[in-house]
Amino acid sequence: MVSVLFATLRNHGQVDKPVAYYGDSRGRLTTGSCEMEFRPVNGLKQLADSSPFYIPDRIRSLRKITEFPQEELWKRLDNAVARDNGNLVLYIHGYNISFQKACRRAATFQRELDLHGRLLLFSWPANGNLLTYTQDVADISWSVNYLENFLASLHLRYGAERVSLVGHSLGARGLVEALIHLGYGNTGGPLFNELVLIAPDIDSQVFLQRLAELQPQVQRITLYASANDKALKFSNEVHGAVRLGEGGERLTLAPGVETIDVSALESRSVSGHIYHQHDSSVIADIKQLIDEGKGAAGRSGLVRRSRQDGSYWVLQP
């Protein structure tokens, strides 16, 4: 069993059914925990490890959702930090994610990084529907103000050194906007430690325009991008602009941002968009970054490359 603490802006769904406790519409901020069970599937471990495609070797089931006041959330986070003497990680999911799927992904990420209760899921009201992308874009924009206030509470309670932020896909867009808003008038140094943007669905040119506002709010920015990301190729077609999470020839370089191109890795999922969930090389690199505080130059598995507009890092298979 893996327990994940969460804060969500989703509406209450079918309260009599634990796995449908939250829906896909906008609601008020509530907090609690979700319990995920990981059960191994006999005989699949060796096949899963050797397959070029992602084959789950465990059944992940959402068993229980418990809602409780924010005071209890802070208490449990305090206990987790005191027990492991580690940093907290706020994880924000992307588009096409129901609450159940958000819990599964957060639990998997927490488990793979050995965070032991130090991961906090922020679940905005994304629709669990592949065809409602534009609705999700509207919902992440609506969520920015609430996320900004929640980030302010995290900073006031734990300071800059103890909290790292991880945003995936469209969630990364909301996270960047919230950080920029939160930083208006901030002259006291960084508000958070690491900012990790995984496959961010952000207009790369807009990101470069806003980077000067974003950088003072965090100690370091790390960007993961891939040329094999079909979801971002779709977003590129929708918006008519390169996405920040695209790699290869479309890789975005920016001063002060450590860019990691993971295009050399085999795409083990159909979308090529969730490599932080099941690619061992990516997980190992993120673990060194978050747990050990190592920059790209000090992490194993990365090779430095240069272009006329700057340098970046290639993650080796």
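The structure contained in this document is the topic of the report that follows. None of the values given here were measured: they were computed from a predicted structure.

1. Remarks on the overall build of the chain
On a plain count of helices and strands, the chain comes out with nine helices and 11 strands. In terms of overall dimensions, the chain is globule-like: its C-alpha atoms have a radius of gyration of 18 Å, near the 20 Å expected for 317 residues. Reported as C-alpha extents along the three principal axes, the dimensions of the chain are approximately 60 × 55 × 40 Å. Every one of the 317 residues in the chain was classed for burial, and the buried ones make up 53%. When the accessible surface of the chain is split by element, carbon and sulfur atoms take 50% of a total near 13600 Å². Considering the chain, the positive charge centre built from 34 side chains and the negative charge centre built from 34 side chains are found 4 Å apart.

2. Observations regarding unusual backbone geometry
Positive phi is not limited to glycine here, since Asn 96 has a value of about 60°. Position of Asn 96 among the secondary structure elements: in the loop between β4 (88-92) and α3 (99-112). Of note, Asp 114 is a non-glycine position whose phi angle comes to about 55°, a positive value. Looking at the element boundaries, Asp 114 is found in the loop between α3 and β5 (119-123).

3. Section: the packing of aromatic side chains
Centre-to-centre distance and the angle between the planes together describe a pair of aromatic rings. In this structure the tally under the stated criterion is 11 aromatic pairs. Their ring planes at 80° and their centres at 5.6 Å tell us that Phe 6 and Tyr 22 sit as a pair that is edge-to-face. Taken together, the residues Phe 6 in strand β1 (residues 2-12) and Tyr 22 in strand β2 (residues 22-40) connect sequence positions 16 residues apart. As far as burial versus exposure is concerned, Phe 6 and Tyr 22 are alike and both buried. Both rings, one in Trp 142 and one in Tyr 146, keep their centres 4.9 Å apart while their planes meet at 45°; by these two values the pair is tilted. Of the two residues, Trp 142 and Tyr 146 both sit in helix α4 (residues 133-158), four residues apart, roughly one turn of that helix.

4. Re helix α5 (residues 170-182)
Because an α-helix packs 3.6 residues into every turn, residues spaced three or four apart end up facing the same way. With 13 residues, α5 ought to run about 18 Å at 1.5 Å a step, and its terminal C-alpha atoms sit 19 Å apart, in line with that. Within α5, 11 of the 13 residues are buried, leaving the element largely enclosed by the surrounding structure. Those residues of α5 that sit buried are Leu 170, Gly 171, Ala 172, Arg 173, Gly 174, Leu 175, Val 176, Ala 178, Leu 179, Ile 180 and Leu 182.

Here is what the cut-offs are and how they apply
Residues numbered from 1 in each chain as written. Predicted model: local features only at pLDDT ≥ 70, side-chain atom pairs only at ≥ 80, totals over all residues. Heavy atoms only, no water. Helix = DSSP H or I, 4+ residues; strand = E, 2+ residues; numbered from the N terminus. Rg over C-alpha atoms; globule rule 2.2 N^0.38 Å. Buried < 20%, exposed > 50% of the residue type's maximum accessible area, 1.4 Å probe, protein only. Areas by Shrake-Rupley, 256 points an atom, 1.4 Å probe, with all protein chains shown as cover. Lys, Arg positive; Asp, Glu negative; His and termini not counted. Charge placed at Lys NZ, Arg CZ, Asp CG, Glu CD. Phe/Tyr/Trp six-rings, centres within 6.5 Å; stacked < 30°, edge-to-face > 60°. Expected span 1.5 Å × (residues − 1).

These results come straight from atomic positions and should not be treated as a statement about function.
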